[in-house]
Amino acid sequence: MSAQAQPDLPSPSPALPTYDDVVAAAGRIEGIAHRTPVLTSRTADSRTGATLFFKAENLQRSGAFKFRGAYNAIARLSEDAKRRGVVTFSSGNHAQAIAYAGGLQNVPTVIVMPGDAPAMKVAATRGYGGEVVFFDRYTEDREAIGRRLSAERGLTLIPPYDHEDVIAGQGTAAKELFEEAGPLDMLFVCLGGGGLLAGSALAAGALSPGCRVFGVEPEAGNDGQQSFRSGAIVRIPVPSTIADGAQTPSLGQKTFAIIREQVEDIVTVSDAMLVEAMRFFVERMKIVVEPTGSSPSPESGSVSSSAAATWTRRRWRASSPADQAKEPSAASRRDQASSEPGRPKRSR
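Conventions and cut-offs
- Residues numbered from 1 in each chain as written.
- Predicted model: local features only at pLDDT ≥ 70, side-chain atom pairs only at ≥ 80, totals over all residues.
- Heavy atoms only, no water.
- Helix = DSSP H or I, 4+ residues; strand = E, 2+ residues; numbered from the N terminus.
- Buried < 20%, exposed > 50% of the residue type's maximum accessible area, 1.4 Å probe, protein only.
- Contact = heavy atoms within 4.5 Å.
- Areas by Shrake-Rupley, 256 points an atom, 1.4 Å probe, with all protein chains shown as cover.
- Axes fitted to C-alpha atoms, helices over the stretch in contact; angles between N-to-C directions.
- Parallel < 35°, antiparallel > 145°, perpendicular 65-115°, else oblique.
- Left-handed = near helix turned anticlockwise from the far one by under 90°.
- 1 Å grid on protein atoms, 1.4 Å probe; cavity = no way out; pocket = protein on both sides within 12 Å on 5 of 7 lines; lining within 4 Å.
- Points joined across faces, edges and corners; volume = space filled by probe spheres on them.
- Nonpolar A, V, L, I, M, F, W, Y, C, P; charged D, E, K, R; others polar.
- Salt bridge = Lys/Arg side-chain N within 4 Å of Asp/Glu carboxyl O.
- Pairing = 2+ DSSP bridges.

Asker: Please clarify how the overall build of the protein should be interpreted in this entry.
Answerer: A count of helical and extended segments in the protein gives 14 helices and 12 strands. Put simply, the protein has 348 residues, and 58% of those count as buried. Expressed as a percentage of contacts within the protein between residues at least 6 apart in sequence, the contacts between residues at least 24 apart total 70%. Carbon and sulfur atoms form 50% of the exposed surface of the protein, whose accessible area is close to 14000 Å².

Asker: Sorry if this is basic, but what is going on with the packing of helix α9 (residues 195-207) against helix α11 (residues 253-262) here?
Answerer: The angle between the axes and the distance between the axes are what describe a pair of packed helices. Between α9 and α11, the least distance of the axes is 9 Å, while the angle of their chain directions is 50°. The pairing of α9 with α11 is recorded here as oblique in orientation. Here α9 runs over α11; the crossing is left-handed. Along its contact with α9, which presents G195, L197, A198, A201 and L202, the element α11 presents T255, I258, I259 and Q262.

Asker: How should the layout of surface pockets be read in this particular structure?
Answerer: Using a probe with the size of a water molecule, rolled over the atoms, empty space left in the structure can be pinpointed. Approximately 800 Å³ is the volume attributed to the largest pocket. As for the largest pocket, its lining consists of 48 residues, of which S91, D244, G245, A246 and T248 are closest to the centre. Among the elements of the structure, α5 (93-104), α6 (119-127), α7 (142-153) and α9 are those that each provide at least two residues to the lining of the largest pocket. Residue composition of the lining of the largest pocket, by class: 19 nonpolar, 19 polar and 10 charged.

Asker: Is there a simple way to think about the pattern of salt bridges in this case?
Answerer: Oppositely charged side chains can pair when the atoms bearing their charge come close. According to the stated counting rule, one finds 19 salt bridges in the structure shown. Linking K121 and E290 is a salt bridge whose minimum nitrogen-to-oxygen distance equals 3.3 Å. Of this pair, K121 sits in helix α6 while E290 sits in the loop between α12 (271-285) and β12 (310-314), placing them 169 residues apart in sequence.

Asker: Could you clarify how one ought to interpret the sheet that holds strand β4 (residues 86-89) in this entry?
Answerer: Backbone hydrogen bonds hold the strands of a sheet together, and the pairing may be parallel or antiparallel. Pairing is parallel in the open sheet, where 4 strands are placed in the order β6-β5-β4-β7. Edge positions in the sheet fall to β6 (131-135) and β7 (156-157), since each of these pairs with one other strand and no more. As judged from the 5 bridges shared by strand β5 (residues 109-114) and β6, these two strands associate in the parallel manner. Of the residues in β6, the one forming a bridge with M113 is F134.

Written out as structure tokens, the structure reads:
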């Protein structure tokens, strides 16, 4: 991937959302988006030597965390913009979310989707009322198509991740997680374009300042990792991976600006690891999690685990002298444990 990657040229600093925007988004989606459960697993804890909490956004409306950002972004539009409608581009989850959120708010939606998008995601998008326009993800520019449709039809373009209202909406998942689980040592978040990771980092910075935030992406599409370590956005060819939600060529300007300042690191996992992670979730936790949402899991080989959106690890065990120097004190861990709220019943 590195040999073909090309860095983007610098661009003006974008207007970025803050945690206040996450709080405002939480108010807009309250009672509409599901407050998804936080799950636990003794087996996952045993395999990682940590106490893990899984924010189960696979149980969210339209099946993914994307509904949060989509609803928040549409809710922020003027009445005239809502009347004219919106357009977006997505491989599936944001497509479904925009179509669903648009239907709930009586807003017409046009969705630019790759021709090889999963058939069930295309069917769901149409079922929610979205007009689907197909493109070839390997030869055509979905962003250019979205901009053209926006100009031709007077539609508002709501991209899947590089949008302040989308980022703020995605951050509400981590906000809920911290409110239920309390302060955490580490937060692991699946990474495509960076909307969820950026929003989660905003929530972590406000609600758990000592938490180290990590992004996890497929190794076939490590543009985020390259960007983070080089200090500039790196674009790559559309990666070939089963994690269709992470088949993005680059991070966004807004998401990268937040990630580079508030994220600890970005790590990668192979497709084979994703398959093992999906098997773990089905066999041991009895939940169905798609490949992208399985990125940081006990079986994926990454540092920690989750279900479908936001991942955490608590009271971690150091595995090297460098890690040991960073490990929270025993007194700190006891203080955390004594203040923990009740937990859901653990899976085996």
